[in-house]
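For reference, the chains in residue letters:
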Amino acid sequence: MQSFLLFSPEVAAARASGKPVVALESTIISHGMPYPQNVQTAREVEKIIRDAGAVPATIAIIGGKICVGLSDEQLELLGSSPDAMKVSRRDLAYVLSTGKLGATTVAATMICARLAGIEVFVTGGIGGVHRGAETSFDISADLQELAHTSVAVVCAGVKSILDIGLTLEYLETHGVPVLSVGRPGFPAFFTRESGFKADFQLDTPEEQASFIRTKWQLGLAGGVVVSNPVPAESAMPAAEIDAIIGQALGEAESQGVKGKAVTPFLLARIKELTGGRSLATNIALVKHNAVVGARLAVALNA
């Protein structure tokens with residue numbers, strides 16, 4: 001499997017010297033934000049991680065390789081290529097074997113991070129159980145990956161386009177601990193509170209690292225969700241975003257949008273309906289997660 005991994009010079013040097021590394025997904029670049037804000041945000045997030053004492057490793061599938069750490073040219077390619085495939089566990093072998101361009105989801109990034117020996121992964125929000133899943137069976141592969149793959153995932157909770165209660169129930173069933181930072185509540189991506197609580201509140205990177213290390217030393221394989229709420233000044237009013245999400249969900253259903261296309265459709269439509277404010281919130285929360293993730297990586301490395 002190591003033959004599929006291609007490390008950037010920066011990440012290779014970090015591995016050789018024992019510096020902490022933080023994985024970053026690429027779907028947020030290719031499918032989560034419009035160009036050029038996607039590439040600009042990716043570069044700013046990488047800088048935040050460097051400034052906090054860790055090394056960023058944005059992951060993507062390029063030329064039949066799992067690229068761990070991307071150059072400026074590769075970031076531009078991902079951000080401006082409409083044909084980049086959205087890659088989850090199911091798609092990894094296909095995209096690698098055909099040499100197609102692939103942007104990794106939470107699930108695929110966790111797999112690639114684990115292969116590369118990276119323990120911390122920063123993203124915006126994880127996938128979850130979709131509303132109406134009791135009839136559609138639409139459940140993100142991210143949740144199964146969290147059940148099996150030992151990587152800590154720093155996120156702003158799950159997007160409120162999902163069924164948050166069922167998502168947390170699913171994680172509990174599969175033994176995935178959900179931590180919260182700074183408050184007991186579990187965040188809902190655009191807003192700081194979802195109405196649900198996390199399992200454990202651990203505010204410092206040292207506390208989080210001790211919990212995570214203990215879990216894995218016990219032989220309890222699988223991920224850990226570190227939920228970090230969007231900064232208060234960047235959060236959206238809950239009533240407003242809930243109404244907009246309801247409208248966007250109705251439009252997706254009426255237009256027959258299904259499967260992988262649902263989340264990109266909803267995020268784009270929410271951006272339109274909020275006049276771009278949701279994109280600003282998205283960018284703010286990813287940057288905030290980068291700070292928490294880098295500090296956690298440094299603490300785990302210590």
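Residues numbered from 1 in each chain as written. Predicted model: local features only at pLDDT ≥ 70, side-chain atom pairs only at ≥ 80, totals over all residues. Heavy atoms only, no water.

Identification of the chain as Pseudouridine-5'-phosphate glycosidase from Massilia agri is taken from an unreviewed UniProt entry. In UniProt, the chain has this text filed under Catalytic activity (unreviewed entry): "D-ribose 5-phosphate + uracil = psi-UMP + H2O". Here is the UniProt Sequence similarities (unreviewed entry) comment for the chain, exactly as written: "Belongs to the pseudouridine-5'-phosphate glycosidase family." (UniProt positions renumbered as here; feature names shortened; annotations may be inferred.)

K.L.:
Describe the packing of helix H3 (residues 37-51) against helix H13 (residues 277-301), listing the residues and the values that go with them.
P.N.:
Look at H3 against H13: their axes get within 9 Å of each other, and the N-to-C directions meet at 25°. In terms of their interaxial angle, H3 and H13 are classed as roughly parallel. The handedness of the crossing between H3 and H13 is right-handed. When H3 is examined against H13, the residues Gln37, Thr41, Glu44, Val45, Ile48 and Ile49 are found in contact with a partner set consisting of Leu279, Ile283, Val286, Lys287, Ala290, Val291 and Ala294. Class assignment for the residues of the contact of H3 with H13 results in nine nonpolar, two polar and two charged. (Axes fitted to C-alpha atoms, helices over the stretch in contact; angles between N-to-C directions. Helix = DSSP H or I, 4+ residues; strand = E, 2+ residues; numbered from the N terminus. Parallel < 35°, antiparallel > 145°, perpendicular 65-115°, else oblique. Left-handed = near helix turned anticlockwise from the far one by under 90°. Contact = heavy atoms within 4.5 Å. Nonpolar A, V, L, I, M, F, W, Y, C, P; charged D, E, K, R; others polar.)

K.L.:
Break down the packing of helix H10 (residues 205-217) against H13 for me, with residues and values.
P.N.:
At a minimum axis distance of 8 Å, the contact between H10 and H13 shows a crossing angle of 60°. Classified by the angle between their axes, H10 and H13 sit oblique to one another. Both H10 and H13 take part in a crossing whose hand is right-handed. Contacts between H10 and H13 pair Pro205, Glu206, Gln208, Ala209, Ile212 and Arg213 from the former with Val292, Arg295, Leu296, Ala299 and Leu300 from the latter. Tallied by class, residues from the contact of H10 with H13 come to seven nonpolar, one polar and three charged.

K.L.:
Before we move on, could you go through the nonpolar core and cite the residues and values that matter?
P.N.:
Core analysis: the biggest nonpolar cluster contains 104 residues, and Val68, Ile126, Leu146, Leu171 and Leu296 have the highest contact counts within it. Broken down by element, this core gets its largest block of residues, 11 residues, from H13. Dropping the residues within four chain positions of it, leucine 146 is found in contact with Met110, Ile126, Val153, Leu171, Val176, Gly222, Gly223, Val224 and Val225. (Core = buried A, V, L, I, M, F, W, Y, C linked by side-chain atoms within 4.5 Å. Buried < 20%, exposed > 50% of the residue type's maximum accessible area, 1.4 Å probe, protein only.)

K.L.:
Please set out the UniProt feature "binding site: substrate" (unreviewed entry) in the chain residue by residue, giving values where relevant.
P.N.:
Here, the residues flagged by UniProt with the feature "binding site: substrate" (unreviewed entry) are Lys86, Val106, Ser140, Ala141 and Asp142. In terms of the greatest pairwise C-alpha distance, the residues named above, spread along 57 residues, form a tight cluster of at most 13.0 Å across. For lysine 86, the location among the structural elements is in strand E5 (residues 85-87). When residues no more than four places from it in sequence are discounted, the contact partners of lysine 86 are Thr27, His31, Asp91, Ala103, Thr105, Lys260, Thr263 and Pro264. The residues contacting valine 106, other than those within four sequence positions of it, are Glu25, Phe121, Thr123, Gly125, Ile126 and Asp142.

K.L.:
Describe helix H12 (residues 262-273), and please don't skip the residues or the numbers.
P.N.:
Its 12 residues give H12 an end-to-end C-alpha distance of 16 Å, which sits within 8% of 16 Å, the value for a rise of 1.5 Å per residue. Turning to H12, its buried residues are Val262, Thr263, Phe265, Leu266, Leu267 and Ile270. Structurally, H12 contributes buried residues whose contacts are with E5, helix H11 (238-254) and H13. Positive backbone phi, at 65°, marks glycine 275, one or two positions downstream of H12. (Expected span 1.5 Å × (residues − 1).)

K.L.:
So, the UniProt feature "active site" (unreviewed entry) in the chain: which residues are in play, and what are the values?
P.N.:
The UniProt record annotates "active site" (unreviewed entry) at Glu25 and Lys159. Owing to a relative accessible area of 9%, glutamate 25 belongs among the buried residues under this scheme. Among all residues touching glutamate 25, those that are not within four sequence positions of it are Thr58, Ile59, Thr104, Thr105, Val106, Thr109, Phe121, Val122, Thr123 and Gly124. Here threonine 27 takes part through its backbone nitrogen, which lies 3.4 Å from a polar atom of the side chain of glutamate 25. Here lysine 159 lies in the loop between strand E8 (152-155) and helix H9 (164-173). When near neighbours in sequence (up to four residues on either side) are disregarded, lysine 159 contacts Gly125, Ile126, Ile164, Phe189, Thr263 and Leu267. (Polar contact = N/O pair within 3.5 Å; in protein donor to acceptor, adjacent residues only side chain to side chain.)

K.L.:
Any details on the pattern of salt bridges? Residues and values, ideally.
P.N.:
The tally for this structure, following the rule as stated, stands at 13 salt bridges. A salt bridge links glutamate 46 to arginine 50; the nearest nitrogen and oxygen atoms lie 3.6 Å apart. Of this pair, glutamate 46 and arginine 50 both sit in helix H3, four residues apart, which is roughly one turn of that helix. Residues participating in the shared-partner salt-bridge network are Glu10, Glu46 and Arg50. (Salt bridge = Lys/Arg side-chain N within 4 Å of Asp/Glu carboxyl O.)

K.L.:
Pulling in residues and values, what's your account of the packing of aromatic side chains?
P.N.:
Under the defined criterion, the tally for this structure stands at two aromatic pairs. Arranged with centres 4.8 Å apart and planes meeting at 85°, the rings of phenylalanine 189 and phenylalanine 190 form a pair that is edge-to-face. In this structure, phenylalanine 189 and phenylalanine 190 share a single accessibility class: buried. Sitting above the plane of the phenylalanine 189 ring, lysine 159 keeps its charged end 4.9 Å from the centroid. (Phe/Tyr/Trp six-rings, centres within 6.5 Å; stacked < 30°, edge-to-face > 60°. Lys NZ or Arg CZ within 6 Å of the ring centre and 35° of its normal.)

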